[in-house]
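Remarks on the overall topology
Here's the letter readout for the chains.
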Amino acid sequence: MNDETFLNETVEVIALFKAGHHPCQPVRFKRPNGKEVSVTELGLRHPLPNGLKTVHAFDVTDGGTDYRLIFDSERLTWRLTMEADHYE
Amino acid sequence: MNEFNQERPLIMHIDLNSCFATVEQQARPMLRGKPVAIVNRRTDKTAIVTASYEAKAMGVKVGMKLRDAKILCPDIIALESDPSKYRYVYHRLLDIMKDYSAHVTMKSIDEGVIDFHDTSQAIAGRDLVDIGYEIKQRLKDEIGVWMRCNIGISTNRILAKTAAGLHKPDGLDMITSQNIKEVLGSLQLTDLTGIARRNERRLNSVGITTPLQFFDADVPTLRDVVFKSVVGEWWYKRLRGYEVDDVETHIKRVGRQYVLERFDLTYQEITQRLHHLCESVGSRLRSQQRAARGVYVYAKTLDREYWHTSSLSPLPFFSDQAIYAQALQLFQRAPDGLKEIGVHCYELADFEPSQLSLFADDIARERHIAEVIDTLNQRFGERTVHSADTLNTGIYVHTKIPFGSTRYL
C-alpha cells in the first residue's frame, strides 16, 4: 500500500515564474525542520477552490518522494500539505 | 447505402488512457510504472474506479473489489479519487479540442469527439492523422509528459470510438472503407459500443457471432428479426460509416446514490444521509435550470434485495426541502439491513413556471431562498450552507466524479 502523510507546514519556496504552459514552477523548498528539498519534476499544477479565492496545488517530486505544495496567490504563501513515498 | 460511406473521415474520438490513474501518475511521478487503483474510499470492500495499465496487466479490472485486486496484485497502490485534479485535466483537454473545431462533444470526463465538418479552412486542409499526433503532443506539453490518449478517426462516431480502442494505450487508428472488414475481423461483437451481452444474444440467435457477419447482415434481418425496431437499421448504417448518433441528449433525471459507510447505522443516521443526497440532487437540478415532478427512492439491502418506490406530484418542485419531504415519506417503507441508498428526481420541467399559480408568492419566496443558497455555495464552496440535519454527514458522503455525464463538471 501507499504511504501518504497529510501535513500543513508553512514552507519557504524558490519558484521560477516564466512564460509557457507551466508559468510557475517550484524549484526548491525548505521545511520548518530545516530539511531542503530540490524539486526535480513538476507533476501537475491545478487550481483548487478555497472559499472566495482559488489556490494552486503543485504536485512535485524530488525523485524519491512526491509532495503537494499549495500556493495562495492572494497571501503569497506556500504550504506543504502532503508527502508520499515508498509505495511499498 | 450498401457501400461503406465514401466521404472523408472527419470524426475524431479522443479517449484518455485509464484517465484517473494516468492523471495520478502524472501528478505523482513516483507512481509511474507501478500498479495503481483509484477508489472512492480506501476500504477493502470498495470497488475500483480506474486501474492503471500496470494494474490491468496483472488482471485488475474496473469495478473489481479492492480486496480481490490485492490477491491478483499484492503491490497495488490504492488512491482515493481527487475530483479537482480530474476536472482540471478534463477542462485542459476540452480547451485543446476546441482549438480545432467549434463542434466538440464531451461524452464523459475522459473522452470526447471532435467533428471536423464545418471547421476553419486552415484546419480543414490538414491531415487528421497529423492533427491527432499534434493533440497527443499537446497533451504532454500542456498537461504533462505522462499523459497519453487513444485517438480514433472515421466517418461516424461509433467507428471513430471503435478505432480509438484498437491499440491501447496511446494508439491512433483510422477506420475507412479500405480497412473496415479487416478491423471488424479482429474484433468480438461485444467490442462494439452498444453491443453488450443482451444484444450479443439477440445477434447470436440468428447465427451472427462475429462483427463481420453483423456487417454482412441485411436490413430486414437486423430490423425485423434481431432488434425488432429501427435500431436494426441504425446498426446497418453505423457499420457502413454513416452517422446516426449525432443527436443531442436531454437530461431526463437527476440523482445520487450512496453506499453506507457502516451497515449498523440507525434509521435517523440513514435518513440524514438521504437528506444529504436530496440536497445534492436539488443543487444539481437547479444548476441545470430544472424543476421536477417526481421523486424516486431506492435502497439495496445486505441480502442483495433491491427496493424502490416513487411518487409523482401535479406541480413541479425544486427546493431541497420539497425533495427531501417526499423522499423521506417514501423512505418510511424501506426495508431493514440497508447497504446502499439513492434518490432521483424525474419528470423534469423548466425551473421558470409557465403559468400563474395561486401560490405564486410562496413559490417565489422559496425560489429566492434556493437561489441565494446556491449562490453562496457556489461562491464559498460546496455545502457552505446546508440544513442542520446534515451537519455531520459531509465527512462520509463526498462528491465523487460523475461518470457518463459532463453536465456537472
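Shown above is the structure to which this text applies.
Residues numbered from 1 in each chain as written. Chains lettered and ligands numbered in written order. Predicted model: local features only at pLDDT ≥ 70, side-chain atom pairs only at ≥ 80, totals over all residues. Heavy atoms only, no water.

This part covers a positive patch on the surface. A cluster of like positive charges, contributed by K45, K65, R67, R304 and K339 of chain B, occupies part of the molecular surface. Along the chain, K65 of chain B falls in the loop between α2 (53–57) and α3 (66–72). (Patch = residues over 30% accessible without salt bridge, like charges linked within 9 Å, V, L, I, M, F, W, Y side chains within 5 Å. Areas by Shrake-Rupley, 256 points an atom, 1.4 Å probe, with all protein chains shown as cover. Salt bridge = Lys/Arg side-chain N within 4 Å of Asp/Glu carboxyl O. Lys, Arg positive; Asp, Glu negative; His and termini not counted. Charge placed at Lys NZ, Arg CZ, Asp CG, Glu CD. Helix = DSSP H or I, 4+ residues; strand = E, 2+ residues; numbered from the N terminus.)

On to the sheet that holds strand β7 (residues 65–72) of chain A. Here five strands make up an open sheet; going across it, the order is β1-β8-β7-β6-β5 (chain A) and the pairing antiparallel. Of all strands in the sheet, those with a lone pairing partner are β1 (3–10) and β5 (41–50) of chain A, marking the two edges. The sheet shows a mean angle of 20° between the axes of neighbouring strands, direction not considered. Judged from the eight bridges that link them, β7 of chain A and strand β8 (residues 77–85) of chain A form a sheet pairing that is antiparallel. The residue bridging T65 of chain A from the neighbouring strand is D85 of chain A, located in β8 of chain A. Of the strands in this sheet, β5 and β6 (53–61) of chain A touch helix α1 (residues 19–27) of chain B, which is tilted by about 110° from β5 of chain A. Docked against the sheet, helix α4 (residues 83–98) of chain B engages β5, β6 and β7 of chain A, running at close to 105° with respect to β5 of chain A. (Pairing = 2+ DSSP bridges. Axes fitted to C-alpha atoms, helices over the stretch in contact; angles between N-to-C directions. Contact = heavy atoms within 4.5 Å.)

The next subject is the pairing of strand β2 (residues 36–39) of chain B. Residues and elements named next belong to chain B. Both faces of β2 are covered, namely the face carrying V36 and I38 and the face carrying A37 and V39. Note that β2 and strand β3 (residues 48–51) share three bridges and pair antiparallel. Residue pairing for β3: I38 is matched across the bridge by T50. (Buried < 20%, exposed > 50% of the residue type's maximum accessible area, 1.4 Å probe, protein only.)

Let us look at the environment of V297 of chain B. Residue and element names in this part refer to chain B. Within the fold, V297 resides in strand β10 (residues 290–301). Residues V297 and R286, spaced 11 residues apart in sequence, show a C-alpha to C-alpha distance of 19 Å. Not counting the four nearest positions on each side in its chain, V297 is found in contact with L274, W307, H308, T309, A327, L330, F331, G342 and V343.

It is worth spelling out the packing of helix α11 (residues 219–226) of chain B against helix α12 (residues 231–239) of chain B at this point. Residues and elements named next belong to chain B. Interhelical geometry of α11 versus α12 gives an angle of 145° and a closest axis separation of 7 Å. As α11 runs across α12, the sense of the crossing is right-handed. Note on element contacts: α12 touches α11 through G232, E233 and Y236, opposite V219, L222 and R223. Partitioned by chemical class, the residues of the contact of α11 with α12 number three nonpolar, one polar and two charged. (Left-handed = near helix turned anticlockwise from the far one by under 90°. Nonpolar A, V, L, I, M, F, W, Y, C, P; charged D, E, K, R; others polar.)

A separate point is unusual backbone geometry. The peptide bond linking K168 of chain B to P169 of chain B adopts the cis configuration, its omega dihedral lying at -10°. Locating P169 of chain B in the fold gives a position in the loop between α7 (157–164) and β8 (172–174). Despite not being glycine, L76 of chain A shows a phi value in the positive range, around 60°. With respect to the secondary-structure elements, L76 of chain A resides in the loop between β7 and β8. Positive phi values are uncommon outside glycine, yet R304 of chain B reaches one of about 65°. Within the secondary structure, R304 of chain B sits in the loop between β10 and β11 (306–317). Residue R304 of chain B is classed as exposed on the basis of its relative accessible area of 79%.

Let's shift gears to the pairing of strand β6 (residues 111–115) of chain B. Residues and elements named next belong to chain B. Most of β6 is tucked away: five of the five residues are buried. Residues E111, V113 and D115 point to one face of β6 and G112 and I114 to the other, with burial holding for every one of them. Bridging between strand β1 (residues 11–16) and β6 involves five bridges; their strand directions are antiparallel. When the bridges of β6 are listed, I14 appears paired with G112. Between strand β5 (residues 104–108) and β6, which pair antiparallel in sequence order, lie two residues.

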